[in-house]
Amino acid sequence: MRHVTLIDVFEHPITQKYIKRSGMAHAIACAYHAFKLSHQYNVETDTATKAAFLHDIGHYTWYRNGQWDYELYKENDIHAIKGSERAHKLLIRLGEHPKKAKEIALAILFHTDSYLPGGRLQLNPLQHVVALADEADEEPGGNHHYRKISDEQARQQLQRLDQQIDQLQNVAQGY
């Protein structure tokens with residue numbers, strides 16, 4: 001049984017603040033991609049979907065002269081580092097198992113290597129799934145962060161994904 005659902009995560013004020021800022025529609029799309037990819041890479045689905053949903057929780061808004069500056073973002077952003085810490089703290093507060101919260105935080109930390117100077121990461125399967133889920137929903141110039149979704153649509157999509165995860169876990173446990 002899961003300690004924390006995607007809806008639990010969605011409804012928390014920290015998620016509302018930071019995931020809305022970085023793109024709720026993108027976060028949900030990534031969670032769905034991770035759900036599908038988790039089967040292919042033999043990764044625990046609940047962990048993969050939470051990590052993909054939260055992967056951009058560390059984004060900062062990079063503006064210059066009142067306008068979003070994508071180049072400034074690309075040069076200076078460390079959202080994976082900030083997001084890893086923020087997601088871990090959020091999940092622990094929500095009652096997530098500490099081991100799972102750490103796995104999710106590390107997957108968020110390693111979902112991109114953009115903050116590493118010329119580095120290339122060796123990813124475990126969960127981290128690879130989250131990186132692939134993010135890549136699957138990317139749009140040029142960071143436009144994937146600006147797609148809109150209503151709170152009600154977001155809630156419905158996450159409830160549906162929670163139900164799919166629960167069904168998978170029930171089947172795996174023989175229920």
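Residues numbered from 1 in each chain as written. Predicted model: local features only at pLDDT ≥ 70, side-chain atom pairs only at ≥ 80, totals over all residues. Heavy atoms only, no water.

Participant: How do you make sense of the overall build of the chain when you look at a structure like this?
Facilitator: Of regular secondary structure, the chain possesses nine helices and two strands. Secondary structure of the chain in N-to-C order comes out as α-α-α-α-β-β-α-α-α-α-α. Taking the principal axes of its C-alpha atoms as reference, the chain extends roughly 55 × 35 × 30 Å. Sorting the 175 residues of the chain into buried and exposed places 47% on the buried side. Within the chain, contacts between residues at least 6 apart in sequence are counted, and of these 73% link residues at least 24 apart. (Helix = DSSP H or I, 4+ residues; strand = E, 2+ residues; numbered from the N terminus. Buried < 20%, exposed > 50% of the residue type's maximum accessible area, 1.4 Å probe, protein only. Contact = heavy atoms within 4.5 Å.)

Participant: Explain the side chain of Ser38 to me, please; I cannot follow it from the model alone.
Facilitator: Mapped onto the elements of the fold, Ser38 is located in helix H3 (residues 24-40). Apart from residues lying up to four places away in sequence, Ser38 is in contact with Val43, Thr45, Ala48 and Val129.

Participant: Even after reading the chapter, I still don't get the pattern of salt bridges, so can you show me in this structure?
Facilitator: Taken as a whole, this structure holds 14 salt bridges when the rule is applied. In this structure, the salt-bridge partner of Lys100 is Glu44, at a minimum N-O distance of 3.5 Å. Pair noted here: Lys100 is in helix H7 (residues 98-109) and Glu44 is in the loop between H3 and helix H4 (45-54), with a separation of 56 residues, a long-range link. Here Asp46 makes a salt bridge to Lys100, at a shortest N to O gap of 2.6 Å. Taken together, the residues Asp46 in helix H4 and Lys100 in helix H7 connect sequence positions 54 residues apart. We classify Asp46 as buried; its relative accessible area is 0%. Taking the relative accessible area as the measure of exposure, Lys100 reaches 16% and is therefore buried. Put simply, Arg2, Glu44, Asp46, Lys50, Glu96, Lys100, Asp162 and Asp166 are held in one network by salt bridges that share partners. (Salt bridge = Lys/Arg side-chain N within 4 Å of Asp/Glu carboxyl O.)

Participant: Explanation requested: the nonpolar core in the structure shown.
Facilitator: Within soluble globular proteins, side chains that are nonpolar tend to cluster in buried spots. Judged by nonpolar contacts, the single largest core of 38 residues is most densely connected at Phe53 and Leu54. Elements with a contribution of two residues or more to this core: helix H1 (6-11), helix H2 (13-22), H3, H4, helix H6 (79-94), H7, helix H8 (125-137) and helix H9 (151-172). Setting aside chain neighbours within four positions, we find Leu54 in contact with Val9, Thr15, Ile19, Ala87, Leu90, Leu91 and Ile108. (Core = buried A, V, L, I, M, F, W, Y, C linked by side-chain atoms within 4.5 Å.)

Participant: I keep staring at the environment of Asn170 and nothing clicks. Help me out?
Facilitator: If you trace the backbone, Asn170 turns up in helix H9. Taking C-alpha positions, Asn170 is 22 Å from Ala52, a pair spaced 118 residues apart along the chain.

Participant: Where do I start with the confidence of the model for the chain in this structure?
Facilitator: Low pLDDT means the predicted atomic positions in that stretch should not be read closely. For the chain, per-residue confidence averages 88 on the pLDDT scale, and 91% of positions sit at 70 or higher. The spread of mean pLDDT over the elements of the chain runs between strand E2 (residues 67-68), the lowest at 67, and H1, the highest at 98. (pLDDT = per-residue confidence, 0-100.)

Participant: Sorry, what's going on with the packing of aromatic side chains here?
Facilitator: The description of an aromatic ring pair uses the distance of the two centres, along with the angle that the planes make with each other. All told, the structure shown has zero aromatic pairs when counted by the stated rule. Of note, Arg86 hangs over the ring of Tyr18, and the distance from its end group to the ring centre comes to 3.5 Å. (Phe/Tyr/Trp six-rings, centres within 6.5 Å; stacked < 30°, edge-to-face > 60°. Lys NZ or Arg CZ within 6 Å of the ring centre and 35° of its normal.)

Participant: Quick question: what am I supposed to make of the side chain of Thr49 here?
Facilitator: Among the secondary structure elements, Thr49 is positioned in helix H4. Accessibility expressed as a relative area gives 0% for Thr49, which makes it buried. Setting aside anything within four residues of it in sequence, one finds Thr49 in contact with Leu6, Ala31, Ala34, Phe35, Leu161 and Ile165.

Participant: What should I look at first to understand H4 in this one?
Facilitator: In an α-helix, one turn spans 3.6 residues, which is why side chains three or four residues apart end up on the same side. Counting buried residues in H4 gives 10 out of 10 residues, a clear majority hidden from the surface. The N-cap residue of H4 is Glu44: its side-chain oxygen and the backbone nitrogen of Asp46 are 3.4 Å apart. (Polar contact = N/O pair within 3.5 Å; in protein donor to acceptor, adjacent residues only side chain to side chain.)

Participant: Explanation requested: H8 in the structure shown.
Facilitator: Compared with the 18 Å implied by 1.5 Å per residue over 13 residues, the 19 Å span of H8 between its first and last C-alpha is a close match. Regarding H8, the residues found buried are Leu126, Gln127, Val129, Val130, Ala131, Ala133, Asp134 and Asp137. Two or three places before Leu126, at the start of H8, stands the capping residue Asn124, its side-chain oxygen 3.1 Å from that residue's backbone nitrogen. (Expected span 1.5 Å × (residues − 1).)

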